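The primary structure of each chain is shown beneath.
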Amino acid sequence: MKVEIDSFSGFRIYPSRGRLFVRGDSKIFRFSTSKSESLFLQRKNPRKIAWTQVYRRMHKKGITEEVAKKRSRKTVKHQRGIVGADLKSIAERRNQTAAARAAFRTNAITKAKQEKKDKEAKKEKTAKPAGRTPASAPRVSKQQMKGSKGGRVRI
């Protein structure tokens, strides 16, 4: 005894029951009832019709044996070094006291100020002697430099 499956509802069709529908492209569809045939011909989606097997399977209806739930792994926090500092130096900074941090900051500030002072002193030493600088030269546009429309530039 060969039992067929309904193309729309997914129900079993026993011998001498149901109807057969052959589409233009020679594909065969079997229907157990005129209800499922009618809904198929109306192009209804069996996934949206509650009594079909496809709907029940999609919405997890009627599953008797309960499947053990999948365990989700807890995320474990890891600490990694950053580009500028390794993990050891980060841990040291975290464990510093507020006084040590303040002392480090003031030391860095005084060092930066000293470097700036040295740079200024070096700049003053290498300053050019007083003479004609480009800022004090007469302003001349590019067209005047080329010599168009203005004649000579008077100084």
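Here is what the cut-offs are and how they apply
Going along each chain's sequence as written, the residues are numbered from 1 onward. With the structure being a predicted model, the display of local features is reserved for residues of pLDDT at least 70 and the display and counting of side-chain atom pairs for 80 or more, all residues being used for whole-chain, interface and lining totals. Side-chain numbers here rest on the full set of heavy atoms in the structure, without hydrogens or water. Salt bridge criterion: a side-chain nitrogen from Lys or Arg within 4 Å of a carboxyl oxygen from Asp or Glu. Only DSSP runs of H or I reaching four residues or more are called helices, and only runs of E reaching two or more are called strands; each is numbered from the N terminus. Only protein chains enter the area calculation, which uses a 1.4 Å probe; residues under 20% of their type maximum are buried, those over 50% are exposed, and those in between are partly exposed. Should any heavy atoms of two residues lie within 4.5 Å, those residues are considered in contact.

**Thoughts on the pattern of salt bridges**
Turning to step 1, where the next piece is worked out: One pass over the full model with this rule turns up four salt bridges.
Turning to step 2, where the next piece is worked out: Between Arg30 and Glu4 there is a salt bridge, with the nearest N and O atoms lying 3.3 Å from each other. Of this pair, Arg30 sits in strand E4 (residues 28-31) while Glu4 sits in strand E1 (residues 4-5), placing them 26 residues apart in sequence.
Turning to step 3, where the next piece is worked out: In this structure, Glu37 engages Arg19 in a salt bridge whose closest nitrogen and oxygen atoms are separated by 3.3 Å. Of this pair, Glu37 sits in helix H1 (residues 34-41) while Arg19 sits in strand E3 (residues 19-22), and the two are 18 residues apart along the sequence.
Turning to step 4, where the next piece is worked out: You can call Glu37 buried: its relative accessible area is 10%.
Turning to step 5, where the next piece is worked out: Residues participating in the shared-partner salt-bridge network are Lys2, Glu4 and Arg30.

**Observations regarding the environment of Val54**
Turning to step 1, where the next piece is worked out: Locating Val54 in the fold gives a position in helix H2 (residues 53-58).
Turning to step 2, where the next piece is worked out: Here Val54 falls in the partly exposed class, since its relative accessible area comes to 27%.
Turning to step 3, where the next piece is worked out: Separated by 45 residues in sequence, Val54 and Ser9 have C-alpha atoms that sit 7.1 Å apart.
Turning to step 4, where the next piece is worked out: Beyond its immediate stretch of four places on either side in the chain, Val54 contacts Phe8, Ser9, Pro46 and Arg47.

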